[in-house]
Amino acid sequence: MAKTKLEELSTNIYNFKNPDKYEYKMAKGLSRDIVEEISKKKNEPKWMLDIRLKALDEYEKLSLPTWGPDLSELNMDEISTYVRPKTDMKENWEDVPDEIKNTFEKLGIPQAERKYLAGVGAQYDSEVVYHSIKGELLKKGVIYTDFDSAVRDYPELVKEYFTKCVPLNEHKFIALHYAVWSGGSFVYIPKGVKLEMPLQSYFRLNSPESGQFEHTLIIVDEGASLHFIEGCSAPKYNKVNLHAGCVELFVKDNGYLRYSTIENWSKNMLNLNTKKAICEQGAQVDWVSGSFGSKISMLYPMSILKGDNSKTEYTGISFAGQGQNLDTGFKVVHVGKNTSSLVSSRSISKNGGVATYRSLVKILPSATNSKCSVNCDGLMLDSISKSDTLPVNDIQTDDVEFSHEAKVGKISEKAIFYLMSRGLSEDDAKAMIVRGFANPVSKELPLEYAVEMNRLINLELEGAIG
Amino acid sequence: MEINETFVRTSKNYGINSFVVAENTFSPKNKIFNGFSTNFNGVVLHGKAIPISPICTDSKIELENPNISLELNIEKNYTSPIILNFDFSQNDTLVDTIKINVKDGVTAKFLITYTSNKNAYHNGFITFDCEKNSNIDCVLICDLSYESDNFLNIENTLKENSKLKFTIVDFAGKTSVSRFLTDITGNNASSQLKMMYIGEKEGKIDLNFAQNIYGKNSYALIKTIGALQGNSQKNFKGLIDFKKGASKSKGVEEELCLTLSKNAKSKALPLLCCGEEDVDGSHSSATGKIGDKELFYIMSRGLSRAEGLKLLLKAKLTKVLDDVFDEKIKSQIYEKIDRKIINEDDRF
């Protein structure tokens, strides 16, 4: 079937730039002085500085991964690791400076908060500029604050959990993260508290040639439940920006956490994020992930099913367009008995984009009567793109049900023909099929986000097919 | 010494190439092998043969000086299978290279067997070069005793309209390392690999299978089914790679590992790489024990647990043994499976 190739869309609604105004921008590069300076600017306790310096040592010792996309264009000497925006953190939306406020208004954050969020945090460059939470949740003992405040206000809680899920020497970029982290969210849901409405943190990186290293730590205590939404975006610059955040999730006995991410970084961003969850007995963590932006992504959320009867589900979609190399996937380690995991991953590649699904399923001898099912589909919209599936399955016990299935191919011509016979144009038929392909992810999102994701898919598709 | 590494870098990170062989494995004690027999008249015996890519660096040195080096030019159709039989009853060490050139339009069947009742060492390299319109069906059986080490490397090239059906039956010994690589360069070509294995005791099985599809409208299959008993372990690395230009091609990769013991370990890396839009690729991988419900049903019909287990296992393995063209050989394989499973004493 003939294709009409159009130019890639150069702009979308996320690609608006504010002038690079800041109160303070750290000199480019990474050194002990810079790490100490960040800590000093934040007026941190010594124990946190010690962690930063230890992480810096690890960063210097660790080497780049020998696999995955080429990261040679990343030069830390060209990246500023800390940019403080021209405002302190506000709890009243009206107090946020106009320029930053307008940014988040364009992204729909305050409207969302009014409509259906229990709390919201907004980070601009390296610092959280706005944080709020509904009063009734505070009364129930819910803590939702920016991470810097948590270090100051809840040091014992932070010390107990910080680096315990994702150790600082796990890989080079997590060591970098711990050395220069700034911003992020801290959430504690007390025993038995079930949040009906989600909490959301939004991360916006405006400053060129800089990095964002936010740390998110969530503790869902016994029997509690939470839906947490994370959104990310940035305007496009010609030079490389870096995102090396870290998410540590602790779900205690019978707790439930859903962690949803819609990531639409600009296409000059290297997104080297690390996310991990530890599930105790009977706990469940569900990941919903949409990766649309960034130049290179290396993102493999991980669940450790430590407790008996714990569960995890991962539903993810990635959309790799021109110049993008999205290397994403999921890792799960079954430790406890009767644990189960369900993985569903979709990837779409077009205009020369590279979409790779890379995963690990590890079932330890202790994880008897466990179940794991992995399903991944790759859709290629043209023959200059690439779609690879690289799953590793390590099964160490016989008392297990494990299956992995993957498919790759193009849009079915029969399906297009059928839809066209019902009166749709070829373009509309293809777009409808792609949206249908992404449906397992969008149906897992709250309605407003599902609409947003479909809009992103439409934007991505424009110029790709037809 | 790491061996049989995949073509994919990520595997190193996950320890899938953790398979290590003792250094003294590659030290053949005896350079004479006189257990070779064949029904094919045109075998050309070479003194030396240098393989394209050995299973590991050390094996290359050996394969430069094999004790059996054969070249077969298949220039006409053969109705009866061409038999290449390697019997270890007189010697314990075989380093062989077999190069088979299949000419245009030729149809032939091969039966290659390696048999040993005592400790043996085998390092083999087989190539099939299939020209246009050729049609080859090959069954390869490795039936070496448990203490044996078996290294098998198979490389094939398929030109236009050619077909290759390969069935490997591996009653693995202490160490069994297999590599199978096919380049489907021609259009409308088809390469099917079916493989079964049974691991026992402390056995280690390492499988590295890849099919690269360059031609249009071609087909590749990798289908592996096996069972692990005792403390045996298996690493499976499979790859179907649709290269740019391989439009209208189809690739299927299926891996099933039945773990018959709680100490058995199975690692799998079933890869699917796609650089062409208009293709149909799929892979699936499954690991688990024989279902209790199925076993209960069979036992309720009056069979013992061991008999039921064997019956269900054979039912699964049938899917890869379909293409064994010789019924006598097929029944021998099933008998051997029976013996192998019943000998597993930690289960019964």
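Up top is the structure these notes are about.
Predicted, not measured: the structure shown is a model, and the values here were computed from it. (Residues numbered from 1 in each chain as written. Chains lettered and ligands numbered in written order. Predicted model: local features only at pLDDT ≥ 70, side-chain atom pairs only at ≥ 80, totals over all residues. Heavy atoms only, no water.)

Caption draft 1: Spotlight on the packing of helix α1 (residues 32-41) of chain A against helix α2 (residues 46-61) of chain A. All names here are of chain A. Here α1 crosses α2 at 155°, and the two axes come no closer than 10 Å. As the angle between them shows, α1 and α2 are arranged roughly antiparallel. The two elements α1 and α2 cross, and the hand of that crossing is right-handed. Between α1, through Arg-32, Val-35, Glu-36, Ile-38 and Ser-39, and α2, the contact on the second element is made entirely by Leu-49, Arg-52, Leu-53 and Leu-56. Looking at the contact of α1 with α2 residue by residue, the class counts come to five nonpolar, one polar and three charged. (Axes fitted to C-alpha atoms, helices over the stretch in contact; angles between N-to-C directions. Helix = DSSP H or I, 4+ residues; strand = E, 2+ residues; numbered from the N terminus. Parallel < 35°, antiparallel > 145°, perpendicular 65-115°, else oblique. Left-handed = near helix turned anticlockwise from the far one by under 90°. Contact = heavy atoms within 4.5 Å. Nonpolar A, V, L, I, M, F, W, Y, C, P; charged D, E, K, R; others polar.)

Caption draft 2: Region of the structure containing the nonpolar core. Of all hydrophobic cores here, the largest spans 60 residues; its most connected members are B:Leu72, B:Phe86, B:Phe110, B:Tyr114, B:Phe128, B:Leu140 and B:Phe166. Other than its neighbours up to four places away in sequence, B:Phe166 contacts B:Phe128, B:Cys138, B:Leu140, B:Ile154, B:Phe180, B:Gln192, B:Leu193 and B:Lys194. One finds A:Leu56, A:Tyr161, A:Cys165 and A:Val166 within the second-largest nonpolar core, a separate group that totals 55 residues. (Core = buried A, V, L, I, M, F, W, Y, C linked by side-chain atoms within 4.5 Å. Buried < 20%, exposed > 50% of the residue type's maximum accessible area, 1.4 Å probe, protein only.)

Caption draft 3: How the structure looks around helix α8 (residues 172-180) of chain A. Residues and elements named next belong to chain A. When you tally the buried positions in α8, you get nine out of nine residues, the bulk of the element. Looking at α8, one finds that the buried residues are Lys-172, Phe-173, Ile-174, Ala-175, Leu-176, His-177, Tyr-178, Ala-179 and Val-180. On its buried side, α8 packs onto α1, α2, β9 (215-220), β11 (241-243), β12 (246-251) and β15 (274-279).

Caption draft 4: The arrangement of the pairing of strand β11 (residues 175-184) of chain B in detail. All names here are of chain B. Burial of β11 is extensive: nine of the 10 residues sit out of reach of the surface. The pairing of strand β9 (residues 149-158) with β11 spans 10 bridges and is classified as parallel. Looking across to β11, one finds that Leu-152 is bridged to Ser-178. As paired elements, β11 and strand β13 (residues 204-213) share 10 bridges and run parallel to each other. In the sheet register, Thr-175 faces β13, and the bridge partner there is Lys-204. (Pairing = 2+ DSSP bridges.)

Caption draft 5: Main features of the interface of chain A and chain B. Across the boundary between the two partners, chain A contributes 39 residues, which contact 39 residues of chain B. Taken as a group, A:Trp67, A:Asp398 and A:Val408 account for 19% of the area that chain A buries against chain B, more than any other trio of residues on that side. There are two salt bridges connecting chain A and chain B. Between B:Lys289 and A:Asp399 there is a salt bridge, with its nearest N and O atoms 3.1 Å apart. Across the contact surface, chain A and chain B share 14 residue pairs in polar contact (both at pLDDT 80 or more). As defined by bridge partners, strand β25 (residues 386-395) of chain A adjoins strand β17 (residues 265-274) of chain B across six bridges and the pair is classed as antiparallel. Looking at the pairing, A:Ile395 lines up with B:Ser266 of β17(B). (Buried area = accessible area lost by both parts, 1.4 Å probe. Salt bridge = Lys/Arg side-chain N within 4 Å of Asp/Glu carboxyl O. Polar contact = N/O pair within 3.5 Å; in protein donor to acceptor, adjacent residues only side chain to side chain.)

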